[in-house]
Amino acid sequence: AKDAGKGERRFFDPHMQETISQRLLLEEDIIRGLEAREFGVYFQAQFNSDSQLIGVESLVRWHHPKRGLLSPAAFIDVAEAAGIMSQIDSVVLLRSCEQMAKWTRLPAFSEITVSVNISPAQLYQHGFVEEVLNVVSDTGADPKRLKLELTESMLVTDMQQAIARMRQLKQAGIRFSIDDFGTGYSSLQYLQQLPLDQLKIDQSFVRGLPEDTSSLAIIRAVIAMATSLGLEVIAEGVETEVQRDILLANGCGLYQGYWYAKPLPAEQVEQLDIIDNAT
Ligand code: C2E
Ligand code: CA
Ligand code: CA
Ligand code: CA
């Protein structure tokens, strides 16, 4: 490792100590923020190849009273290390299902899927399956339109446990997507074993378009693999029309990214120009 041998000196590094106390302060602030209900959800719209709205991804945001709107990068690492990420995840799951139930009355939104990010701690937490099923039934959300996003690395932690939990949720109609696909530990064997519905091409590959030929090669391979396994494929981080056109030409089915829409509060997603709100 790059820092090998520096460990002891770092322990007494005043800068490092400051960082530790900052992390502790942030941890306390997150707990306070959870109690004060400062965590909410933004939604990023997803589209098919005809640019019709087909879903949204829920993305957590912290409405901090002093620091303003905070993205997950500002708190996820500390929340995970402190073992409180699953509390944030619970808020996101609840808000997402509540919103899905509300949208059932809005024509352009009545059939859309809602994708929720699941953290490693949450998947393996005792009672996870029950929590998801309870939230779905309490909110009146349609389980068939709930999609859970998992990453490759969290699945290999305890593959048998992960598969068992996914199967239980699958029986209720809930669907699964592999997030950031291509960046983790991929084996074709696990793809076959898991009850999956969707692969999500990581934005790092989309970012390489149009210049980077190896990104394009990987994207093509993922689309071919998804298609032959009967899985949906969605590209994230689509920022330009050129990127969209290349993905389309290579058979990508679904799209998400700033070129279509940024993550927005629910009321603003409803107002997006790209969405046909005519009844
Ligand atoms: P992710 O699941 O890969 O989510 C996509 C991220 O890319 C989001 O950042 C989104 O705002 C951003 N993004 C979307 N379109 C574009 C684009 O066209 N260009 C670029 N450059 N970026 C784009 P965000 O919201 O900051 O979330 C970052 C990560 O935090 C997520 O990555 C996910 O891993 C995690 N996360 C977000 N919300 C939750 C949550 O509720 N629970 C858990 N466990 N993790 C979450
Ligand atoms: Ca995601
Ligand atoms: Ca992703
Ligand atoms: Ca990502």
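Residues numbered from 1 in each chain as written. Chains lettered and ligands numbered in written order. Predicted model: local features only at pLDDT ≥ 70, side-chain atom pairs only at ≥ 80, totals over all residues. Heavy atoms only, no water.

As annotated in an unreviewed UniProt entry, the protein carries the name GGDEF domain-containing protein and comes from Oceanisphaera profunda.

Novice: Account for the layout of surface pockets, naming residues and giving values.
Specialist: Here the largest pocket is characterised by a volume of approximately 900 Å³. Taken together, 36 residues form the lining of the largest pocket, with E57, L59, P72, N117 and D179 sitting closest to its centre. With five residues, strand 2 (residues 53–64) is the largest single contributor of residues to the lining of the largest pocket. Classifying every residue of the lining of the largest pocket gives 14 nonpolar, 10 polar and 12 charged. Of the voids in this model, the second largest pocket is the one considered here, and its volume is about 210 Å³. Those elements that place two or more of their residues in the lining of the second largest pocket are strand 1 (39–48), helix 4 (85–103) and helix 13 (266–269). Across the lining of the second largest pocket, the residue classes tally to five nonpolar, three polar and four charged. (1 Å grid on protein atoms, 1.4 Å probe; cavity = no way out; pocket = protein on both sides within 12 Å on 5 of 7 lines; lining within 4 Å. Points joined across faces, edges and corners; volume = space filled by probe spheres on them. Helix = DSSP H or I, 4+ residues; strand = E, 2+ residues; numbered from the N terminus. Nonpolar A, V, L, I, M, F, W, Y, C, P; charged D, E, K, R; others polar.)

Novice: Run through the pattern of salt bridges, naming residues and quoting values.
Specialist: Within this structure, the stated rule accounts for 10 salt bridges. The salt bridge partner of K200 is E57, with a shortest N-O separation of 2.7 Å. Pair noted here: K200 is in strand 7 (residues 198–201) and E57 is in strand 2, with a separation of 143 residues, a long-range link. Considered together, K200 and E57 belong to a single accessibility category, that of buried residues. Here E232 and K147 are joined by a salt bridge, their closest N and O atoms 2.9 Å apart. Placement of E232 in strand 8 (residues 232–235) and of K147 in strand 5 (residues 146–151) is noted, with a sequence separation of 85 residues between them. In this structure E232 comes out as partly exposed when scored by relative accessible area, which is 30%. Overall, the relative accessible area of 3% leaves K147 in the buried class. Through salt bridges that share partners, D29, R32 and E38 make up one connected network. (Salt bridge = Lys/Arg side-chain N within 4 Å of Asp/Glu carboxyl O. Buried < 20%, exposed > 50% of the residue type's maximum accessible area, 1.4 Å probe, protein only.)

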